[in-house]
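The residues making up each chain are set out below.
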Amino acid sequence: MSTQNDWLEKLPKAAKEYIAGRRLEEVECVIADTTGIARGKAMPALKFSSMDSMYMPDVIYYQTVTGGYADIDDLKDQYVEGDMVLKPDFSSATAAPWTGDVTLQVIHDVEDQKGRPIPMVPRNVLKHVVSLYEKEGWIPVVAPEMEFYLVSPNVDPNVPIEPMIGRTGRRAASQQSYSMSAVDEYGPVIDDIYDFAEAQGLEIDTIIQEGGGGQIEINLKHGDPVKLADEVFYFKRLIKEAALRHNCFATFMAKPMADQPGSAMHIHHSIVDPKTGQNLFTGEDDKATDLHSQFIGGLQKYLPAALPFIAPYVNSYRRFVAEYSAPTNLEWAADNRTTGIRIPTSGPAARRVENRVAGMDCNPYIAIAASLACGYLGMKNALKPRKAAKGVAYFGHNEMPVSIQDALALLNDCPELSEVMGDHFVRIYSAIKTAENEEFQQVISPWEREHLLMNV
């Protein structure tokens, strides 16, 4: 960067409009760690303008969700904390409209000191998977759906989470899917979400009330996988900030409350021909192509091993309960929300495959990369799916692992998926998830105290 004006000219339209006529005071240089937490550095805008390079220690990519570190077997110099090089991706620049100062956020690319993408960085993992598609002449397109809860402030982990208090003074009610009056209960939070998204140039397709009390779904428009993962990354932060303005928390836990449905991040996929723009899941006769079937076949075969990427925590597996609108299978069917893989109703040009298994607690870069990786392997290996399911599929064939340790065992025994996601990344990721699970196993739960303390 030579002058401030040079880099300001590279900003997206929304970012330029946000700072127009105002003095830009601060720039947040952010990256997503393995859990999806935003990490980085904040600095005065003038300091950012004058910087030739920026560094952060690589050790942040060995951290667990609790802030601890996973020990990686045979990894040399793990705790040396060598510098990674951060380079701003100005196309990702966006406002931070909840701050007191005029502030921009900029996602940074992460490279080693020789200019090579660092393979354990989640955004780089997604870029790598996308590049595999591009080498085949395929352009992947995705559309995420984000489910989350607005809950009452919870500052004591020993106290159960409860839905937020709405404007009527009553707790948000469950079993009110698509209710407009239910959304109105927390209208001020929704208003701030809209305002923040508009200031950031993030386009919301729809907002709906989901089945849980205080549970909301936001759908995003389809597009480039990296760009959409950036948007989910940004949305998680802006939604939390909007909630805090109104004395409630926004949570993206997969299963925050025992008696409420879990929260998913459904991922819609299609493949486009880069020359013609045609959807490669639809043929000239407007019927589904072999690639469409093979993508489904890839999800069916490889999602069990990919589950640690899209259901990354112990809590993630509590979501998979049939009676609570969560998929408990990897069956597929058209227009059937009881299957883990759904073909939504659409015209031929919009034919797509929906992965309904991913939880909202995932890192969006890793989850989208993993879902695309499964489909890629299906198309490369010409895998055929099972016959489409008929009727309610909740209690049919179920090959999904039931715990994070079972899922990790499948991942560690799947070299094809590791190769696509990156062997080095998978090795580190697996070690982090193992460390988190081992830490969880040291916790004695209220259930154990209630039922075992005096009864055994």
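Details of the structure are given in the entry above.
Residues numbered from 1 in each chain as written. Predicted model: local features only at pLDDT ≥ 70, side-chain atom pairs only at ≥ 80, totals over all residues. Heavy atoms only, no water.

Peer 1: It is not clear to me how the environment of N247 should be interpreted in this structure. Could you clarify?
Peer 2: Relative to the helices and strands, N247 resides in the loop between α7 (225–244) and β10 (249–251). Distance from N247 to P44, taken between C-alpha atoms, is 30 Å for residues 203 residues apart in sequence. (Helix = DSSP H or I, 4+ residues; strand = E, 2+ residues; numbered from the N terminus.)

Peer 1: In this structure, what is going on with the nonpolar core? I would like to understand it.
Peer 2: Generally speaking, a soluble globular protein has its nonpolar side chains buried in company with each other. Ranked by size, the top nonpolar core spans 98 residues in total, and within it L150, I193, I218, F309, L417 and M421 carry the most contacts. No other element matches helix α9 (residues 364–380), which puts 12 residues into this core. Apart from residues lying up to four places away in sequence, I193 is in contact with F148, I204, I218, L238, I239 and A242. Counting residues in hydrophobic clusters, the runner-up holds 40 residues, among them L11, V27, V59 and Y62. (Core = buried A, V, L, I, M, F, W, Y, C linked by side-chain atoms within 4.5 Å. Buried < 20%, exposed > 50% of the residue type's maximum accessible area, 1.4 Å probe, protein only. Contact = heavy atoms within 4.5 Å.)

Peer 1: Looking at this model, I keep getting lost on the side chain of D109. Mind explaining?
Peer 2: For D109, the position within the fold is in strand β6 (residues 103–111). Note on D109: relative accessible area 19%, which makes it buried. Polar contacts involving the side chain of D109 include one to the side chain of K127, which spans 2.7 Å. Beyond its immediate chain neighbours, meaning those up to four positions away, D109 contacts V85, L86, K87, D89, R123 and K127. (Polar contact = N/O pair within 3.5 Å; in protein donor to acceptor, adjacent residues only side chain to side chain.)

Peer 1: Explanation requested: a negative patch on the surface in the structure shown.
Peer 2: Among the surface-exposed residues, D413, E416, E419 and D423 lie close enough to one another that they form a single negatively charged patch. Relative to the assigned elements, D423 resides in helix α12 (residues 423–440). (Patch = residues over 30% accessible without salt bridge, like charges linked within 9 Å, V, L, I, M, F, W, Y side chains within 5 Å. Areas by Shrake-Rupley, 256 points an atom, 1.4 Å probe, with all protein chains shown as cover. Salt bridge = Lys/Arg side-chain N within 4 Å of Asp/Glu carboxyl O. Lys, Arg positive; Asp, Glu negative; His and termini not counted. Charge placed at Lys NZ, Arg CZ, Asp CG, Glu CD.)

Peer 1: I keep staring at the packing of α7 against α9 and nothing clicks. Help me out?
Peer 2: Helix-helix packing: each pair is described by the crossing angle between the helix axes and the interaxial distance. Here α7 crosses α9 at 145 degrees, and the two axes come no closer than 8 Å. As for how α7 packs across α9, the hand of that crossing is right-handed. When α7 is examined against α9, the residues P225, V226, A229, D230, V232 and F233 are found in contact with a partner set consisting of P364, Y365, I368 and L372. Looking at the contact of α7 with α9 residue by residue, the class counts come to nine nonpolar, no polar and one charged. (Axes fitted to C-alpha atoms, helices over the stretch in contact; angles between N-to-C directions. Left-handed = near helix turned anticlockwise from the far one by under 90°. Nonpolar A, V, L, I, M, F, W, Y, C, P; charged D, E, K, R; others polar.)

Peer 1: So what exactly am I meant to see when it comes to the pairing of strand β1 (residues 26–32) here?
Peer 2: As a general feature of sheets, a regular strand has side chains that alternate between the two faces. Of all seven residues in β1, six are buried; the element is thus mostly enclosed. Pairing of β1 with strand β2 (residues 38–44), which is carried by seven bridges, proceeds in the antiparallel orientation. From the neighbouring strand, V30 faces β2, where its bridge partner is G40. What sits between β1 and β2 in their antiparallel hairpin is a turn of five residues, with G36 showing a positive phi close to 100 degrees. (Pairing = 2+ DSSP bridges.)

Peer 1: Could you clarify how one ought to interpret the pattern of salt bridges in this entry?
Peer 2: Pairs may arise between side chains of opposite charge once their charged atoms sit close together. Considering all chains together, one arrives at 16 salt bridges under this definition. Among the ionic pairs, R123 bridges to D109, the shortest N-O distance being 2.7 Å. In this pair, R123 sits in helix α4 (residues 122–135) while D109 sits in strand β6, placing the two residues 14 residues apart along the sequence. Overall, R123 belongs to the buried group, its relative accessible area being 6%. In this structure, the salt-bridge partner of E231 is K227, at a minimum N-O distance of 2.6 Å. Of this pair, E231 and K227 both sit in helix α7, four residues apart, which is roughly one turn of the helix. The exposure class assigned to E231 is buried, which follows from its relative accessible area of 9%. Bridged by salt links that share partners, the residues D89, D109, R123, K127 and D230 form one connected network.

Peer 1: I'm lost on unusual backbone geometry in this one. Help?
Peer 2: A negative phi holds for most residues other than glycine; trans holds for most peptide bonds. Despite not being glycine, N247 has its phi angle at roughly 55 degrees, a positive value. We note that A382 has phi near 50 degrees; this positive angle belongs to a residue other than glycine. Looking at the secondary structure, you find A382 in the loop between α9 and α10 (404–412). For A382, a relative accessible area of 45% puts it in the partly exposed group.

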